[in-house]
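Summary of structural features
What follows is the residue order along each chain.
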Amino acid sequence: MAYKSFDELIKKVQNLESIKKVAVVVAEDEHTLEAVFKAKKDKIVEPILIGCKGKIKDILSNLNEALDEEAIIDATDDSEAARKAVELVNSGKVDFIMKGKIQTADLLKAVVDKEKGLQTGRIMSHVVIHEIPSYHKLLAVTDGGMMMYPNVEQKKEIIENAVETFVAMGYEKPKVAVLTAVEKVNPKMPETIDADELKQMNVNGEIKDCIVEGPISYDLTMSKESAKIKGFESEVTGDADILIVPNITAGNILGKSLVYTANAKMAGFIVGAKAPIVLTSRGSTSEEKYLSLVLSASAVK
């Protein structure tokens, strides 16, 4: 199966047997709480808010929202709020975490703590999913937010993180394109060598539950017509679910290009930890934060 739009994904989450619980870290942020309470009203999540209890209550009052007293947890500072959120995940009391008014580094410090954190032994990577008007289904780009210059083994884990996410969302065998500038291996272009090796890992069963194509250029990935003209045959052409970029710069540029020039909607989160982590930027819209909550709720294992 594949989702054509975020609306389809929202309906899927609303039909789950249980509503997922999210811990919002340093929750005294109005835009974040607007998104959280929209998701609550839409039966996407049940929130637990962590931070300065007084400030959180003031914002809730301004928003004409209310929450049970036990669902607001006081924290003396950002570090304590992050630690409490991680504890809630480890104790099974919440399903995932959302960043509020906290620096990303402070949140991730608690997440990667060797003794009490959420590490699984695999790298953590950033997955962004786009709804693009000109494409027939949702499309993921990874990793444009965490891993700067991944080697081939790290790219393997980035693929595995994304594939596990899609399988949790209900996909059977997502199609993965390992993007490069060309569709042939070129010894002078290391990313093409990595892409070929990743494809062979998939063929040999080392990377499971997906179809990996690479090296493959963006035009061949997105257009069956372009692939036909160039004589490139693959199940992935014109039907990719996941795009693997060679580095963080390429991922960042591609993602922002889709949003700002192709009118794509987007949602993103960190995967590879024990639970999804909604890590939107300070400039993210309420819609992006809301859709990221939907995405995370759909991907909880």
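A brief look at the structure comes next. This is a predicted model, so every value here is computed, not measured.

**Comments concerning unusual backbone geometry**
- The step from Thr142 to Asp143 runs through a cis peptide bond, and the omega angle for that step is 10°.
- With an omega of -5°, the peptide bond between Gly214 and Pro215 qualifies as cis.
- With a phi angle near 60°, Val26 is a residue other than glycine that sits in the positive phi range.
- Counting through the fold element by element, Val26 comes out in the loop between strand 1 (20-25) and helix 2 (30-41).
- The residue Asn263 is not glycine, and still its phi comes out positive at about 60°.
- Inspection of the secondary structure assignment puts Asn263 in the loop between helix 10 (248-261) and strand 10 (265-271).
- On the accessibility criterion, Asn263 (61% relative accessible area) is exposed.

**Thoughts on the packing of aromatic side chains**
- Per the counting criterion, the structure on display carries 2 aromatic pairs.
- One aromatic cluster is present, built from ring pairs that chain together Tyr3, Phe166 and Tyr171.
- Cation over ring: Lys38 sits above Tyr290, and NZ or CZ is 4.7 Å from the ring centre.

**As for helix 10**
- With 14 residues, helix 10 ought to run about 20 Å at 1.5 Å a step, and its terminal C-alpha atoms sit 19 Å apart, in line with that.
- Among all positions in helix 10, only Ile248, Gly251, Leu254, Gly255 and Leu258 are buried. The arc that holds every buried residue of helix 10, seen down its axis, measures 135°, which confines them to one face. Residues of helix 10 that are exposed and point over 90 degrees away from its buried face: Ile253, Tyr260 and Thr261.
- Buried residues along helix 10 sit against strand 5 (125-131), strand 6 (139-142), strand 7 (175-179), helix 8 (218-222) and strand 9 (242-244).
- Where helix 10 starts, the residue carrying a side-chain oxygen 3.1 Å from the main-chain nitrogen of Thr249 turns out to be Asn247.
- Residue Asn263 follows helix 10 closely and has a positive phi angle near 60°.

**Re the packing of helix 1 (residues 6-14) against helix 11 (residues 286-299)**
- Between helix 1 and helix 11, whose axes approach to 9 Å, the crossing angle comes to 50°. Here helix 1 lies oblique to helix 11, going by the angle between them. Here helix 1 and helix 11 pass one another in a crossing that is left-handed. Facing helix 1, whose interface residues are Phe6, Leu9, Ile10, Lys12 and Val13, helix 11 presents Tyr290, Leu291, Val294, Leu295, Ala297 and Ser298.
- Residue composition of the contact of helix 1 with helix 11, grouped by class: 9 nonpolar, 1 polar and 1 charged.

Definitions and limits used
- Residues numbered from 1 in each chain as written.
- Predicted model: local features only at pLDDT ≥ 70, side-chain atom pairs only at ≥ 80, totals over all residues.
- Heavy atoms only, no water.
- Helix = DSSP H or I, 4+ residues; strand = E, 2+ residues; numbered from the N terminus.
- Buried < 20%, exposed > 50% of the residue type's maximum accessible area, 1.4 Å probe, protein only.
- Phe/Tyr/Trp six-rings, centres within 6.5 Å; stacked < 30°, edge-to-face > 60°.
- Lys NZ or Arg CZ within 6 Å of the ring centre and 35° of its normal.
- Expected span 1.5 Å × (residues − 1).
- Arc of directions from axis to C-beta.
- Contact = heavy atoms within 4.5 Å.
- Polar contact = N/O pair within 3.5 Å; in protein donor to acceptor, adjacent residues only side chain to side chain.
- Axes fitted to C-alpha atoms, helices over the stretch in contact; angles between N-to-C directions.
- Parallel < 35°, antiparallel > 145°, perpendicular 65-115°, else oblique.
- Left-handed = near helix turned anticlockwise from the far one by under 90°.
- Nonpolar A, V, L, I, M, F, W, Y, C, P; charged D, E, K, R; others polar.

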